[in-house]
Amino acid sequence: MVPTHTPQYDTDRDTVYQIRLDGHLTDNWSDWFEGLSITLEEGGETLLTGRVADQATLFGLLRKVRDSGLKLLSVTRVESKTNDAE
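The paragraphs below set out a description of the structure included in this document.

## With respect to the pairing of strand β3 (residues 45-52)
Part 1 of the argument: Across eight bridges, strand β1 (residues 14-22) lies against β3 in antiparallel orientation. Along β3, the bridge assignment pairs Leu21 with Thr46.
Part 2 of the argument: When strand β2 (residues 37-41) meets β3, the two strands line up antiparallel, connected through five bridges. Counted as the bridge partner of Leu40 is Thr46 from β3.

## Things to note about the pattern of salt bridges
Part 1 of the argument: The full count for this structure, using the stated rule, is four salt bridges.
Part 2 of the argument: Arg20 is paired through a salt bridge with Glu45; the nearest N and O atoms lie 3.3 Å apart. Residue Arg20 is found in strand β1, and its partner Glu45 is found in strand β3; the two are separated by 25 residues along the sequence.
Part 3 of the argument: In this structure Arg20 comes out as partly exposed when scored by relative accessible area, which is 22%.
Part 4 of the argument: For Glu45, a relative accessible area of 23% gives the class partly exposed.
Part 5 of the argument: For the salt bridge of Asp67 with Arg66, the shortest nitrogen-to-oxygen distance reads 2.9 Å.
Part 6 of the argument: Residue Asp67 is classed as exposed on the basis of its relative accessible area of 54%.

## Side note on unusual backbone geometry
Part 1 of the argument: In this structure, Glu34 takes a positive phi of about 55° despite not being glycine.
Part 2 of the argument: Examined against the element boundaries, Glu34 turns out to sit in the loop between α1 (29-32) and β2.
Part 3 of the argument: Assessed through its relative accessible area of 49%, Glu34 is described here as partly exposed.

Rules behind the numbers
- Residues numbered from 1 in each chain as written.
- Predicted model: local features only at pLDDT ≥ 70, side-chain atom pairs only at ≥ 80, totals over all residues.
- Heavy atoms only, no water.
- Pairing = 2+ DSSP bridges.
- Helix = DSSP H or I, 4+ residues; strand = E, 2+ residues; numbered from the N terminus.
- Salt bridge = Lys/Arg side-chain N within 4 Å of Asp/Glu carboxyl O.
- Buried < 20%, exposed > 50% of the residue type's maximum accessible area, 1.4 Å probe, protein only.

The structure is reproduced here in structure tokens:
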């Protein structure tokens, strides 16, 4: 039997995520991370923030972090907002 998982939030809504990385990135990385804003924080960390359309997009962003050799510190879901089409 395959275990089932029921999401506790509506997967059809855009969600804002914050992805914290070790090290400072330049603004040139914004296009690579699909327009997420880049904030350099004290202590040598970078915070990527932006709206992510769905879980597939989020995993794509995390794959880019991995493939770039960047050290992932955390991923935080900040808010959900209804799509404009609704």
